[in-house]
Structures are given as C-alpha cells and as structure tokens.
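Here is what each chain is made of, one letter per residue.
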Amino acid sequence: MAAEVRIFGIRHHGPGCARALCRALEEWEPDCLLLEGPPEGEGLFAFAREGMEPPVALLLYARDDPGRAAFYPYAAFSPEWQAVQYAVRKGIPLHCMDLPFAQLLALEKSWEEEDARAGAEGGGDAAPDAAPDVDTDALPDADAEDSVADAEDGSVCGAADPLPAPENGDDAEELLRLDPFQTLGRLAGYEDGEAWWSALVEERRDGTDLFEAVVLMMRELREQTPPAQGRRAQREALREAAMRACLRRARKEAHERIAVICGAWHVPALENMPPAKEDAALLKGLPREKVDATWSLWSYVNLAVEDGYAAGVASPAWYEFLWRYGTSPDRTARWLHRAARLLREEGLDCSPAHLIESVRLAEGLAGLRGRSLPGLAELHEALSATVCMGDDLALQLVRRKLFVGEAVGTLPPDAPAAPLQRDIDREGRRLRIPFTAEEKSLVLDLRKPLDAERSVFLHRLDLLEIGFCAVDTVRGRSTGTFREAWRLCWTPDVALAVVRAGRRGKDVPQALASLLAERAAEAEPADIARLFEKTLYVNLPDLLPPLLRTLEDKSAQSRDCRQLLAAVPPLVDVLRYGGVRQFDRGMVESVLAGLLPRCLPSLPWACANIQTEPARTLGGVIVEAHTALRLLDTGDYFESWLATLLRLVQWRAVHPLLRGLSVRLLLDARRMSAEDVARELACALSPGEEAEHGADWLTGFLENNTLILLHDAVLWQVVDSWLVGLSEDAFLHAAPLLRRIFADAPRAERRALGERAGREAEAADAAVDAAAEAVAPVAVPQAEEAVPAVSGALSPLFRRILGLQEVSQ
C-alpha cells in the first residue's frame, strides 16, 4: 500500500502557519516527517528537547574554512521548530529534504572561481549573470539556501525594503518576478507583502483550510511569475530535485502517512513529480566539500529582516506574542499592558486611562480597516497617539523591546559543540557573564576576586578575537589601574569566531598559545611588544617567555629604527602599570635594556634626509617614546634618550620638523634654556634658510602646544621678525604649512594668540601715530618711513595664518 503524502506549505517563522501546522499534525498523526533543511543537520534535532530554548540555529561550516558558513535559525513560532518538537515528542522519523550544504558550498565555490577567471580574461569584469547569489565567505542567515532564494524567487518571505511601485507594465512584471508577494500585497491595499501576509495568515485566530489556500495561491503565482534566470534558476532546480529525491526515498520506506513541511513556494514542485531519472541526472556529479554542523545560539535581533536575514520577519517579538496569545480575545490589552510596563520601568508616564484609550483607539482603527483584531500597525498608532504623544524616543524603545525583541536562546549542556565552545560556555556560566544580544556594560573592580577572574576571561576572548566583548575606553578611564569597563554584546559572528579559534586548540589557553605563536612569528617588534602587553592580562604566565624571546630575536635582526622605537612604549607601560598583574619584571627590563642600545644610536640616521610625511610619522613615534621613558623610574634610560635628542638637534641633515620637535622635548625636560631655544629658532628661521624649512621646524616645535608663543616674549619676537622678513612669494608658500600648525590647536589657544597679535598691532599703530605727530612739522612722509612697524605687520599675517578674522568681530 502506497504511503499517503500531505504537503504543508508554510512561511518560515510564521506563527499563524505554526499554529495551523500543529493542529494539522495532531489531527492527521503522520508517522514520518520530511522537513526542508540541510541533511547534515538532521542528527542534531535529537537535542531539540528540554534545555534547548529558541531562538537557536543550526550552524554549518566548511571544515577547512569555518568562515564559509550558514545559519539555519529557528524560533518558538517557526513552523519548522514545531514540526521538530512534534517528531521528538512522538518519536517518529524526521528527515531533512534539501540540497546538502556540502554540495551547495562547493557549487558556490566553483561559481566564484568561474567569476575570477572571467574577470581575469575580461579585464576585471565578470561574465554576465556571473555574480553569485550567496556570499560564501559568510553565507546569509539562511533557512539557509532558501533564505537567499526567498528574496529572489518569490517565496513567502517579505523583502527588507519595500520595492518601488511599478509605473508601467514592464516594471510590474519585474516586480512580480523579484517578489510576487509585494505585488499581491499592494493589489490587496497593503503597504507591502509583509503586512499583507501577516494580516492574512499570521495574525488570524483560525487556520481553517490555510494550507489548501496557500497551495492554490502558490500554483497560480508560479504560473504567473516569470521564471528565474541563470544561476538562480540552477540553484532552485537543484534544491527542488533534491527535495523530490528525498520524498521518493521516504515513500519506499514502510510509512503510512508522510508529512512534508517546506516553504510554500516549493509546494507545486513537489506535487507534480517529474520522472526520477530527470532529477537523478540533475544531481549527478555535483561537487562536495567537507562540512561540520553544530547548534548555535541565536537572537531575535538577528532573526529580523532588517538585520539582513532574507527569510526573516519584521517583528520577531510581536510574532512570539502572536504565537503565545494570538487566539486570546484580550490579546490587544495584553500587548498594551506590556508596553505600559516597559514605559513605566523607564520612568515614563502611562496610566490606566492611557491604556483604556489605547485599546479603544486600536480596536477602532482595526474596525475601520476591516480587521477583526488590531494588528501591529494599529497598536503602534494607538500607542503613539495616546501614550507616547508622538515622542519618537519612547516609540523607539517600544519598537526595540516589543517589536524586534532582544531574546537570545539557550542550549543544553550536552548539545554538540566544539570543545572550545564548551570551555567558553562553562567559564561564562561560572563567572555569570551575561550572553545577550542587547549591549550591556560591565564595570569591574579588579580588587574583587570574582571581577578579577571576569577580567581575565574577557581579555582572553578579546585576544582570541571572539568579538563578544570590547573595552569601553570612555568609561574605563580611571586614575587607578584596578577598574575596567567592558561592553558586552552577543552576535552570530561570535559563534563563527569560536569555530575559527577552535581550530587552534580544545580550550582557551591552548588556542591562545597557538594564536600568539603564529602572530609573533609574522609580526614586527613593535607589534610583538603590544601583543606582549595584551598577553599580561590573560593570566597565562607560560605564554610570556616565548613572546619575549621572539621579540629579542627580531629586535636583534631588525634594522628598522622606527619599529624598534615603537616597541619601547608598550614595554614601559608593562613595567609601570603591570603591578596588578603578577609577572616577572626582570624579563621585561632585560628586553628593554637590550632594545634601547640598538635603537638610540641609529635614530639620527633614521631621521636624516627623509621627506616630510615620513618625518611626521616618525615624530609621533618619538613623542610616544619620550613620554614613556620620561615616566619610567629608571633614570639611565631617560638620560640616554635626551642625549640622542640633542644629537638630532645638532645634526643639520635631520629633517627640520624632527629637529624642532627635539628642541621642544628638550625644553620640556629642562635640558635646554629659553635662550638656547631662541638661538635654535633664530637659526632655523634665518633668511638663509628656505621658508618651507622654517615652517617645518615650527611645525615640530609647536606641535600640540602653540601657547608657548604667548608665554615667551623672546620666541614671539623671533617668529615676528621671521614672518615680517618673508617675501610675498615665500610667505604664500609657507602659509599653508603654518596654517596646518594652528589648525589642530584648540580654539581657545587660537583666540588667545589672535588677541595678543591684536594688542601688539594696536601698540604698533599707536607708536606710529606718536612718531608722526612728533615729526609732523618737519616732514611727515620721511618720519613714517623711519618708524619700524614690525609688530604692526604681524597682526594681519597672524590673522591669515590663524584664520581668526572673526575673533575681532
């Protein structure tokens, strides 16, 4: 006796479809389920029981390249999840019917290679219709391949953004081909296909004859929709051939009633079965890749279509509410009560009178629009008008919490997972680290044992580039070294990062050891020093000596003075601030003692005969090294450093920007007097030097501290004389360079400089007037020519340089 087959066309993540499917399965009692999904994940459904709370996702990835992966997410209101629950509860066979992910991945890879060859042969342009529909470096959150097709082949999934309204017949045909449900929704008077399908199916309280109606609609749509072209059509044909092959195999088994649950778009392709040999010919010889599968956490944020998930829904939290209370006559009051409680928790006013009026308004809007119960649009409008009074901030809170939602699923301890994932989950539970899709702040006091362990755990994840945590640099500022602030946020990328890191070791210490060894082997000395500084915070002392040995070896071999000098500040920071982390200071001191003697003698040569841009880069490294060595307790290092700076000042081949910077640093360290600085400045700005030379010297000298001109009359006078002595061409050439000096200065400093220039200009004008009056009876023109106007000339020049003409207004 042939098995009876019933095909249930559903919408992925549709609560109305899920409710109707549950009723149909309970009434019909099938003894075998065929579910659209990757065959590689079939064995994992046995863990979809108590202890696993959706949203969760099947994660499939290439064994040799975990970055090429796909997620197959499920929510409590997903029809697929309810089908899985039914099969587990009844103990009946459950098979996944779709093109194996191993073949899809290999197929996409071959298409990418074809595109690369076509681009190389065609001068960089890919062949027509060559662009793959799936990004195999990070496949979209799929159901999984279907999610890609959903946005393109007209399945029951709404698009993320409404498509433009058609203006003529050709546009209408194109819209029908890209997303037929957009067309149907607009024909029915709705804004888009998502709103139409939600009102028609998901928000209804009854599901009578739902699947029969869906099948009729799908048949008509597939007949009317222009066929897909190119690779899109090839992928769809392969997937539907694999579905039919799975159905044929199930029919050969001893089953009486077979239930097929798949995306509604594919129902007609499974009703009218072509000969088996045609499907076999399509599937024959397809390439395969080695893939692995596991369960992963998921979140409502990532289930939303606005997050880029093509098969997602607009409002997951609202759909969960419909799943739980969709048949309740008081669902409107229930939802608005949730909104009121949320607003009150945020300190916003929401009284019982507000709720009563909101319910009345929502039901009135639903009646005017011909709906039996208010939908999300009516609830939103009622809440906006009666409670939020149009306050967009309050509405944003409601949309985030009650439309999209922030729920993250949970997995049972025995669910399949990589060893590294188990290690991270175990430590996270022990330390009570919140894994949530909502960004949370965590402030740690390292003097407390629990917070100190949390800090170590988060630093380990950060060093492994897991992506779950990041140091909050704003809140983390403190006068002490015992406080840290972190920002925590879980995303699906975290699961992929754990998979990638899991290839390095079965637990976090082992993975870190492998990662650090690999990075250090490829890094420059400065990068190794920064890596060493980060490694101090992970509390794995055995990892430190190999890093220091690598740093010593590379420093001895390196001839790049800039790299060697850039390695100094991280090492100094370790010596100064590493007290809260217990480690051997002697190791770092020995590396620093060997690094500086190799670095300092070659610094003048590195600064000589170079262009301006490299000089600016090297200047930043010099400033960081100076700051670090100045704060270090050991004075010998700083004395050697100051001696090196003095050599930079004395050697004329050194770039003038770096010479000016060195003079400034020596002045700050009180190793040069104001008279010495004035002499160096006068030499750099002498008429024998080019204007560009003087401007570069001033750039280095005044970097981040232009106020020195206000407090030193000698330096002011030297700059004054140099500016006035420039020819017009020389000034126009030097002005952009000088403007760059003051462009980054705080406005208060520029204002103070402009005010001093204005005062000196007024004084000079008064001196001119007094001199003119004194010699007026004799010869006014000769007297005016005899009066020096150095300071008077400085004012307009300075105003042009500072850009402060508005200051005097």
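Below is a summary of the structure that appears in this document. (Residues numbered from 1 in each chain as written. Predicted model: local features only at pLDDT ≥ 70, side-chain atom pairs only at ≥ 80, totals over all residues. Heavy atoms only, no water.)

**Remarks on the overall build of the protein chain**
Where we set the bar: Only DSSP runs of H or I reaching four residues or more are called helices, and only runs of E reaching two or more are called strands; each is numbered from the N terminus. Note on exposure labels: buried denotes an accessible area under 20% of the residue type's maximum, exposed denotes more than 50%, and partly exposed covers the range between, all computed with a 1.4 Å probe on protein chains only. Residue contacts follow a heavy-atom distance rule, with two residues in contact if any of their heavy atoms lie within 4.5 Å. For accessible areas, the Shrake-Rupley method is used with a probe of radius 1.4 Å. Any residue's cover is judged against the shown protein chains and nothing else.
Per the secondary structure count, the protein chain includes 38 helices and 10 strands. Out of the 809 residues belonging to the protein chain, those deemed buried represent 52%. For the protein chain, the share of sequence-separated contacts (at least 6 apart) that also reach a separation of at least 24 residues comes to 75%. Of the roughly 36,800 Å² of accessible surface on the protein chain, 51% is carried by carbon and sulfur atoms.

**Section: the packing of helix α23 (residues 544-557) against helix α26 (residues 585-599)**
Heads up, the condition is: Whenever a helix is involved, its axis is fitted only over the stretch in contact; in every case the axis is a line through C-alpha atoms, and angles between N-to-C directions fall within 0 to 180 degrees. Here roughly perpendicular refers to angles of 65 to 115 degrees, roughly parallel to angles under 35, roughly antiparallel to angles over 145, and oblique to all remaining angles. We call Asp, Glu, Lys and Arg charged. Ala, Val, Leu, Ile, Met, Phe, Trp, Tyr, Cys and Pro are nonpolar, and the rest, Gly among them, are polar.
Relative orientation of the contacting elements α23 and α26 amounts to 10°, with a least axis distance of 10 Å. Classified by the interaxial angle, the pair formed by α23 and α26 is roughly parallel. Touching Leu 544, Pro 545, Leu 548, Leu 551, Glu 552, Ser 555 and Ala 556 of α23 are Met 587, Val 588, Ser 590, Val 591, Leu 595 and Arg 598, all from α26. Classifying every residue of the contact of α23 with α26 by side-chain character gives 9 nonpolar, 2 polar and 2 charged.

**Quick notes on the nonpolar core**
Note the following rule: Take the buried Ala, Val, Leu, Ile, Met, Phe, Trp, Tyr and Cys residues and link them wherever side-chain atoms come within 4.5 Å; each set so joined is a nonpolar core.
Ranked by internal contacts, the top residues of the largest apolar core, which has 96 residues, are Leu 458, Phe 468, Phe 532, Leu 571, Leu 592, Ile 622 and Trp 641. If near-sequence neighbours (up to four positions away) are discounted, Phe 532 is found in contact with Leu 544, Leu 547, Leu 548, Leu 571, Val 574 and Val 588. Judged by nonpolar contacts, the second largest core, of 55 residues, contains Leu 35, Leu 44, Tyr 72 and Val 201.

**Description of the packing of aromatic side chains**
Put simply, the test is: Two rings from Phe, Tyr or Trp (for Trp, the six-membered ring) form a pair when their centres are within 6.5 Å of each other. A pair whose planes differ by under 30 degrees is stacked, one over 60 is edge-to-face, and the rest are tilted.
Following the criterion strictly, the structure yields 13 aromatic pairs and no others. Taking 6.1 Å as the distance between ring centres and 90° as the angle between the ring planes, the aromatic pair formed by Trp 318 and Trp 335 counts as edge-to-face. Placement of the pair is Trp 318 in helix α13 (residues 316-325) and Trp 335 in helix α14 (residues 331-345), with a sequence separation of 17 residues. A relative accessible area of 2% means that Trp 318 is categorised as buried. With a centroid separation of 5.9 Å and 40° between ring planes, the pair formed by Trp 335 and Phe 403 is classed as tilted. Taken as a pair, Trp 335 in helix α14 and Phe 403 in helix α17 (residues 392-404) lie far apart in primary sequence, 68 residues in all. Grouping residues by exposure puts Trp 335 and Phe 403 together as buried. Taken together through their ring pairs, the aromatic side chains of Trp 318, Phe 321, Tyr 325, Trp 335 and Phe 403 make up a single cluster.

**Observations regarding the sheet that holds strand β10 (residues 483-488)**
Stated formally: In this scheme, strands are said to pair when DSSP sees at least two bridges between them.
The sheet built from 3 strands is open, its strands ordered β8-β10-β9 with antiparallel pairing. Each of the sheet's edge strands pairs with one partner strand only, and the pair in question is β8 (440-445) and β9 (469-471). The sheet shows a mean angle of 30° between the axes of neighbouring strands, direction not considered. Looking at chain direction, β9 and β10 are connected through 3 bridges and run antiparallel.

**Regarding the pairing of strand β3 (residues 56-62)**
Across the 7 residues that make up β3, a large majority, 7, are buried. Every second residue of β3 is oriented toward a common face, with Val 56, Leu 58, Leu 60 and Ala 62 on one face and Ala 57, Leu 59 and Tyr 61 on the other, all of them buried. The pairing of β3 with strand β4 (residues 69-74) spans 6 bridges and is antiparallel. Residue pairing across strands places Ala 57 opposite Pro 73, the latter belonging to β4. Linking two consecutive strands that pair antiparallel, namely β3 and β4, is a turn of 6 residues. Bridge count between β3 and strand β7 (residues 291-297): 7 bridges; the pairing is antiparallel. Bridged to Leu 58 within β7 is Trp 295.

**Some thoughts on the environment of Gly 67**
As for its placement among the helices and strands, Gly 67 is situated in the loop between β3 and β4. Owing to a relative accessible area of 9%, Gly 67 belongs among the buried residues under this scheme. Expressed as a C-alpha distance, the spacing of Gly 67 and Asp 493, which sit 426 residues apart in the sequence, is 9.6 Å.

**Observations regarding the side chain of Ser 358**
The condition that has to hold: Counting of polar contacts relies on pairs of N or O atoms within 3.5 Å, with two restrictions inside protein: one atom must be capable of donating a hydrogen and the other of accepting it, and residues adjacent in sequence are counted only when both atoms are side-chain atoms.
Here Ser 358 is to be found in helix α15 (residues 352-368). Overall, the relative accessible area of 0% leaves Ser 358 in the buried class. Engagement of the side chain of Ser 358 in a polar contact is seen with the backbone oxygen of His 354, the distance being 2.8 Å.

**Regarding helix α2 (residues 79-90)**
Convention followed: Helix span, expected: 1.5 Å multiplied by one less than the number of residues in the helix.
The terminal C-alpha atoms of α2 lie 16 Å apart, and with 12 residues this matches the ideal 16 Å at 1.5 Å per residue to within 8%. Here α2 has its buried residues at Pro 79, Glu 80, Trp 81, Gln 82, Ala 83, Val 84, Tyr 86 and Ala 87.

**As for the sheet that holds β3**
Strand order across the open sheet formed by 3 strands is β4-β3-β7, with antiparallel pairing between neighbours. Of all strands in the sheet, those bounded by a partner on one side alone are β4 and β7. Within this sheet the neighbouring strands show an average axis-to-axis angle of 20°, counted without direction.

**A few points about the pattern of salt bridges**
We count it as follows: The working definition used for a salt bridge is a side-chain nitrogen of Lys or Arg within 4 Å of a carboxyl oxygen of Asp or Glu.
If you walk through the whole model with that rule in mind, you get 36 salt bridges. As a salt-bridge pair, Arg 324 and Glu 320 come within 3.1 Å of each other at their nearest N and O atoms. On the criterion of helical spacing, the pair formed by Arg 324 and Glu 320 is a turn pair, its members being 4 residues apart in helix α13. Counted as one network, the salt bridges with shared partners bring together Arg 369, Arg 371, Glu 378 and Glu 381.

**Side note on helix α8 (residues 210-224)**
In a regular helix each residue adds 1.5 Å, so 15 residues correspond to 21 Å; α8 covers 21 Å between its end C-alpha atoms and thus fits that length. Taken as a whole, α8 has its buried residues at Leu 210, Phe 211, Val 214, Val 215, Met 217, Met 218 and Leu 221.

**With respect to the state of the cysteines**
Under the convention used in this document: Disulfides are defined in this document as cysteine sulfur pairs within 2.5 Å.
Tallied over the entire structure, the rule returns 0 disulfides. The cysteine Cys 96 is free of any disulfide, with Cys 246 supplying the nearest cysteine sulfur at 8.3 Å.

**A closer look at the environment of Ala 259**
Here Ala 259 is to be found in strand β6 (residues 257-263). Residue classification places Ala 259 among the buried positions, given a relative accessible area of 0%. Each C-alpha atom, one on Ala 259 and one on Leu 25, is 8.1 Å from the other, the two residues being 234 residues apart in sequence. Filtering out sequence-adjacent residues up to four positions away, Ala 259 remains in contact with Arg 6, Phe 8, Leu 25, Trp 28, Pro 30, Cys 32, Leu 33 and Leu 34.

**Some words on the environment of Val 301**
In this structure, Val 301 sits in helix α12 (residues 300-303). Distance from Val 301 to Val 408, taken between C-alpha atoms, is 8.8 Å for residues 107 residues apart in sequence.

In short, the description is geometric, and any link to function would need to be established separately.
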